[in-house]
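Fold and contact review
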Amino acid sequence: MSRNAESTAFRSALEVIRAVEPRVADAIGAELADQRESLKLIASENYASPATLLTMGNWFSDKYAEGTVGRRFYAGCQNVDTVEALAAEHAKELFGAAHAYVQPHSGIDANLVAFWAILADRVESPALKKAQVRQVNDLTEADWFALRRELGNQRMLGMSLDAGGHLTHGFRPNISGKMFDQRSYGTDPATGLIDYDRVAEAARDFKPLILVAGYSAYPRKVNFRIMREIADSVGATFMVDMAHFAGLVAGKVFTGDFDPVPHAHIVTTTTHKSLRGPRGGMVLCGPELADQVDRGCPMVLGGPLPHVMAAKAVALAEARRPDFADYAQRIVDNAQALAEGLLRRGTTLVTGGTDNHLVLLDVSGYGLTGRQAEQALLDSGIVTNRNAVPQDRNGAWYTSGIRIGTPALTTRGLGTAEMDATAELIHTVLSQTTPGANADGTPSKAKYVLDPAVADSVGKQATDLLAGFPLYPTVALD
Ligand code: DSN
């Protein structure tokens, strides 16, 4: 696409917006400038293509389309049907899935759709059958009461938060933790790796209805074949949340035992992380769960977002191109180069390295909490996020870790040489930051001391590093 067409499209859109609320147009322009200037290492972020972004700004946003393709609760959905069917078709082809549901608005929504599809299949359907009725409205008050209790009394086994699991996998602050009786499996304290024998033991002991695999801060591959065997051995439904690494599955970096789709009963994902699409979610499954999954809206979702489903179709079409596989491989090459650069400089990494798109630094070796490190890096133009490490002594708010990831910088075109330079910048900041003290002299977990000249110098080096890799090079707003 020519620089002209994309620049004209975004410039014209801003002109139209500016005529109504100039502060919004200014904020949109400022966001592009900020993203262009910062070294974005947030493992869950990326840069969607101009085509994907432009697909979201149109009249599809005005349409209600509850229901599924060809079976809507509103008239006039023929064009929504076209884009939803296209998105599902691309998803099925890309991931080799029998069924794709592209309506979830986010990862938590996709997980809720999956949980309720499993509960409907494993708990509700047998209860309806037993009562010899077709739907819940036909149950007696007593049977309905008993079913509600049973639905709310099921078990889930997922990865613990400090080992890299996700809040939506049954943790109490999230709705999933209030729905399920949850137990977690952690990682081996010596290696930081999943110990499959321990997972099998926990499954035998706990007998969950659902075994969940997937993570937001585990820097290694997961063997989904073994996890499926564990699920089967206790009669659990095996669910994988591949939100973080969907791009590596799409790009065929994770294949065989490490591709969740052939092994799981149901797979959920976001579409905006390593998959590089619009902000949203998606569910993949076999024919057994397809009907239940398609009931996501209105079961747990509000009306579908047709403009976002259209953008999912565009992004998934992009991910089916051969160059996406090259992109996915470069994400991992870059993460490994970044990890090696940090290790060479003495940084402690959880599990000692990475197999995927993310690296988890244990910054206690620098004498810092995650919060201090995150802020010092931000002062220096490096955007990361703090994250708990296994058995974290600083808890989930201050943490002892920094999570970094390479999908975004890889989209910009940075390669392994720039990853080594990035490791040097990170190490410089962390090694020159010291913990601060509270007003009463006690050690603070949030305050820190970093010479502004160091932050300034690192910030300039980060800008220089990025200068060779312009973000959205086809888009000029002035
Ligand atoms: N917020 C996402 C992440 O950063 O990993 C997951 O919810």
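Residues numbered from 1 in each chain as written. Predicted model: local features only at pLDDT ≥ 70, side-chain atom pairs only at ≥ 80, totals over all residues. Heavy atoms only, no water.

**Some words on the packing of helix α15 (residues 370-379) against helix α18 (residues 416-431)**
It is at 9 Å that the axes of α15 and α18 come closest, and there the two elements cross at 120°. Taken together, the axis directions place α15 and α18 in an arrangement best described as oblique. Crossing of α15 against α18: the hand is right-handed. Across the interface between the two elements, A373, A376 and L377 of α15 pack against I426, V429 and L430 of α18. Residue composition of the contact of α15 with α18, grouped by class: six nonpolar, no polar and no charged. (Axes fitted to C-alpha atoms, helices over the stretch in contact; angles between N-to-C directions. Helix = DSSP H or I, 4+ residues; strand = E, 2+ residues; numbered from the N terminus. Parallel < 35°, antiparallel > 145°, perpendicular 65-115°, else oblique. Left-handed = near helix turned anticlockwise from the far one by under 90°. Contact = heavy atoms within 4.5 Å. Nonpolar A, V, L, I, M, F, W, Y, C, P; charged D, E, K, R; others polar.)

**Re the UniProt feature "domain: Serine hydroxymethyltransferase-like" (unreviewed entry) in the protein**
Following the UniProt record, the feature "domain: Serine hydroxymethyltransferase-like" (unreviewed entry) maps to residues 19-120 and 153-426 here. Taken end to end, residues 19-120 is 55% helix and 9% strand, and its first and last C-alpha atoms sit 49 Å apart. Taken end to end, residues 153-426 is 41% helix and 18% strand, and its two terminal C-alpha atoms sit 46 Å from one another. (UniProt positions renumbered as here; feature names shortened; annotations may be inferred.)

**Brief notes about the sheet that holds strand β14 (residues 385-387)**
The strand order β11-β12-β15-β14 describes an open sheet built from four strands, whose pairing is antiparallel. In this open sheet, the two edge strands, each paired with only one partner strand, are β11 (348-349) and β14. Contacting β11, β12 (358-362) and β15 (401-405), helix α14 (residues 322-344) crosses the sheet at an angle of about 20° to β12. (Pairing = 2+ DSSP bridges.)

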